Amino acid sequence: METSDGFSLNSESEISFTTQLDTPDTAKYEYGVRLQTSDSFLRFPSPLTSSLCTDNNPAAFLVNQAVKCTRRINLEQCEEIEALSMAYYSSPKILRVPGLIKAEIPITVQSLLRESLNKTLTRLDNTVVLNQTLTEAGGVKFCTSVALEVKYSLTYTDEGEITKADLSLLLGAVSSALLPLEQKFEIRFIQQNTKPVPLSGNPGYVVGLPLAAGFQPQKGSGIIQTTNRYGQLTILRSTTDQDCLALEGVRTPVLFGYDMQSGCKLRLTKAITCPLAEQRVKSLLKGHGFPDYVAPFGNSRAQDALAWVPVHFTTQAPHVKDSCQLPVALVIEVKWTKYGSLLNPQAKIVNVTANLISSFFPEANSGNERTVLISTAVTFVDVSAPAEAGFRARPTINAKLPFNFFFPFV
């Protein structure tokens, strides 16, 4: 069940990412750096080596996480356990930039829900801090106002500054029958003055919408995507005069289901060496920030990095010794399949290959210019297995008569 405040009360667990604990000396947050508070760092409980909550795990800048973990507690001492209290998550003050104590961002409680023992939800209009209390009713002891779900929403700027910190909480009652206690934690980062990236399908890709793609800065982290969904996976854009430098940097997005081809001419002066020309052509073919991963579905989440499809980058070049070999083409092949019900199949990407093709380019003996024809192509291949009707296994009749069925004749 999902509430209007963004809580997913029965969602599956997510993967907790390891973070980078070293804080740079620069006055801005960088990816993976832990978020500093006025007295230490912002704690984000996570299951590290087991399913038990580890409270000293730091929240890392731009690392979106959603985890769940368990706690083994003594119900009689619930009032003394800080990690169960609302104040433990709402009282820290995050530093706007690392090391700047004077600039503190308080955490604002935007939503407060209370869950009873019978799972009934109640919205509390007053967001005053509530302390957990041990009570008894009908001979059963239980602890009230225990933090069951914690959701941080942090707003940041392009300069790496935290400008706003919101908190949504779900408090509930816990009895001995609900132990060990399960808690859910989530943290997400929203760039200031930007809108959420629209989806390219829900869940399968829709023909004509751009492919969602990005890169993974370090192993175990989430996928980083540009907010411009039409700029996540692109190819060269052809122009009327076929000049590669006329619209350098302006590219065409790869749209699902559309086979595409483009090309242009690049004029190289005699003074440009082969290594420099190779670097220039490769930059034109791949563009800025060629992605490492492509989303399998149009609504795939960036934190589900293990489900994303890696881009297999290959090179193809002639075996000619002591020759100048320049990239002349980038061929991208996207394999997809129909996933789910036959009545409403969803398009799922299963493999992406980018092949960089190079060719022998002789040195110019005369003239001041050389012309290179470069091109890019995208093809979509349907690799769906044909649907076959029938039973999984042919049904058999298993009929047995009782042992005394013919008594007293036999």
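None of the values given here were measured: they were computed from a predicted structure.

Asks: Can you lay out the side chain of Asn57 for me, pointing to particular residues and giving the numbers?
Replies: With respect to the secondary-structure elements, Asn57 resides in the loop between strand S2 (53-54) and strand S3 (65-71). For Asn57, a relative accessible area of 7% puts it in the buried group. A distance of 3.0 Å separates polar atoms of two side chains, one belonging to Asn57 and the other to Ser46.

Asks: Give me the lowdown on the packing of aromatic side chains, citing residues and values where you can.
Replies: By the definition in use, this model includes eleven aromatic pairs. Ring centres 5.7 Å apart and planes at 80° place the aromatic pair Phe61 and Phe189 in the edge-to-face group. Residue Phe61 is located in the loop between S2 and S3, and its partner Phe189 is located in strand S10 (residues 181-191); the two are separated by 128 residues in the primary sequence. With relative accessibility at 10%, the residue Phe189 sits in the buried group.

Asks: Residues and numbers for the nonpolar core, please.
Replies: Core analysis: the biggest nonpolar cluster contains 45 residues, and Tyr205, Leu211, Val294, Ile332, Ile349 and Ile374 have the highest contact counts within it. When residues of this core are traced back to their parent elements, those giving at least two are strand S12 (234-236), strand S14 (260-269), helix H2 (274-286), strand S15 (293-294), strand S16 (309-316), strand S17 (325-339), strand S18 (346-360) and strand S19 (369-382). If sequence neighbours within four positions are ignored, Ile349 has contacts with Tyr205, Leu211, Phe256, Val294, Ala295, Pro296, Val309, Val334, Lys335 and Trp336.

Asks: Explain the pattern of salt bridges to me, and be specific about the residues and the numbers.
Replies: Any two side chains of opposite charge can pair, given that their charged atoms come close. Taken as a whole and assessed by the stated rule, the structure comprises seven salt bridges. With its nearest N and O atoms 3.3 Å apart, the salt bridge here joins Asp304 to Arg301. Note on Asp304: relative accessible area 25%, which makes it partly exposed. Assessed through its relative accessible area of 38%, Arg301 is described here as partly exposed.

Calculation rules
- Residues numbered from 1 in each chain as written.
- Predicted model: local features only at pLDDT ≥ 70, side-chain atom pairs only at ≥ 80, totals over all residues.
- Heavy atoms only, no water.
- Helix = DSSP H or I, 4+ residues; strand = E, 2+ residues; numbered from the N terminus.
- Buried < 20%, exposed > 50% of the residue type's maximum accessible area, 1.4 Å probe, protein only.
- Polar contact = N/O pair within 3.5 Å; in protein donor to acceptor, adjacent residues only side chain to side chain.
- Phe/Tyr/Trp six-rings, centres within 6.5 Å; stacked < 30°, edge-to-face > 60°.
- Core = buried A, V, L, I, M, F, W, Y, C linked by side-chain atoms within 4.5 Å.
- Contact = heavy atoms within 4.5 Å.
- Salt bridge = Lys/Arg side-chain N within 4 Å of Asp/Glu carboxyl O.

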